[in-house]
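Structural features, examined
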Amino acid sequence: MAVAVLAFLGVDVFAAEKRANYFNDPFVQVTGAIDSCPTPPGPLITETEMKMSAHARAERGTRCYLSGRCRLPNAYHYDQEIIPRVKKAILADGRFADTSVWAEGQRRWVILKDAFAVRNRRGRSNSWCASWMMSSQCSISL
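Not measured: the values here are computed from a predicted model.

Describing the state of the cysteines
All told, the structure shown has 1 disulfide when counted by the stated rule. Across the disulfide, C64 is cross-linked to C70 (sulfur-sulfur distance 1.6 Å). What sets the handedness of the C64 and C70 disulfide is the S-S torsion sign, and at about 75° it is right-handed. The burial state of C64 is the same as that of C70; both residues are buried.

Right, here's the structure in full:
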């Protein structure tokens with residue numbers, strides 16, 4: 001209850017806590033051509049946030065697995081297979097050679113965080129940082 005009251009008042013109750021990748025969600029740099037764009041934040045959470053989401057994460061995909069429709073007992077377990085395939089596909093596509101791309105996986109979703117060079121009217125390159133999300137179930141060949 002106290003956490004909810006503090007959050008309502010705008011106090012960041014998790015600011016002082018150490019942030020870590022407690023669930024070992026995959027987060028890898030795929031390309032690294034632009035040094036000026038900092039590494040985007042990965043799947044870092046506080047210990048309190050981890051404890052609050054642990055049960056829901058454990059449940060994801062359990063029913064599917066128990067019914068025999070899913071190969072793995074948890075939806076998050078697929079991410080360890082998906083992200084290396086995403087990295088391989090991006091590296092195989094020459095269009096991304098001048099970018100800095102990071103890939104993060106959570107619950108069969110792929111989040112691409114990147115920096116890319118854009119030419120302005122004067123012909124100079126500017127770096128832009130952005131994020132895109134795509135479902136691992138979309139129709140791309142990995």
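Don't stop here, the text continues.
Observations regarding the confidence of the model for the protein chain
Summarising the model, the protein chain shows a mean pLDDT of 78, and 70% of its residues fall at 70 or more. Segment residues 125-129 is flagged for pLDDT under 50; beyond a separation of four residues in sequence, or across chains, it makes 17 contacts in the model. Here residues 134-142 is modelled with pLDDT under 50, and outside its nearest four sequence neighbours on either side it reaches 15 contacts, counting other chains as well.

Notes on helix 4 (residues 79-92)
Here helix 4 spans 20 Å end to end across 14 residues, near enough to the 20 Å set by a 1.5 Å rise per residue. Listed as buried for helix 4 are D79, I82, I83, V86 and I90. All buried residues of helix 4 project into a common sector of 95° when viewed along the axis, lining one side. Away from its buried face by more than 90 degrees, helix 4 exposes K88 and A92.

Cut-offs applied
- Residues numbered from 1 in each chain as written.
- Predicted model: local features only at pLDDT ≥ 70, side-chain atom pairs only at ≥ 80, totals over all residues.
- Heavy atoms only, no water.
- Disulfide = S-S within 2.5 Å.
- Buried < 20%, exposed > 50% of the residue type's maximum accessible area, 1.4 Å probe, protein only.
- pLDDT = per-residue confidence, 0-100.
- Contact = heavy atoms within 4.5 Å.
- Helix = DSSP H or I, 4+ residues; strand = E, 2+ residues; numbered from the N terminus.
- Expected span 1.5 Å × (residues − 1).
- Arc of directions from axis to C-beta.

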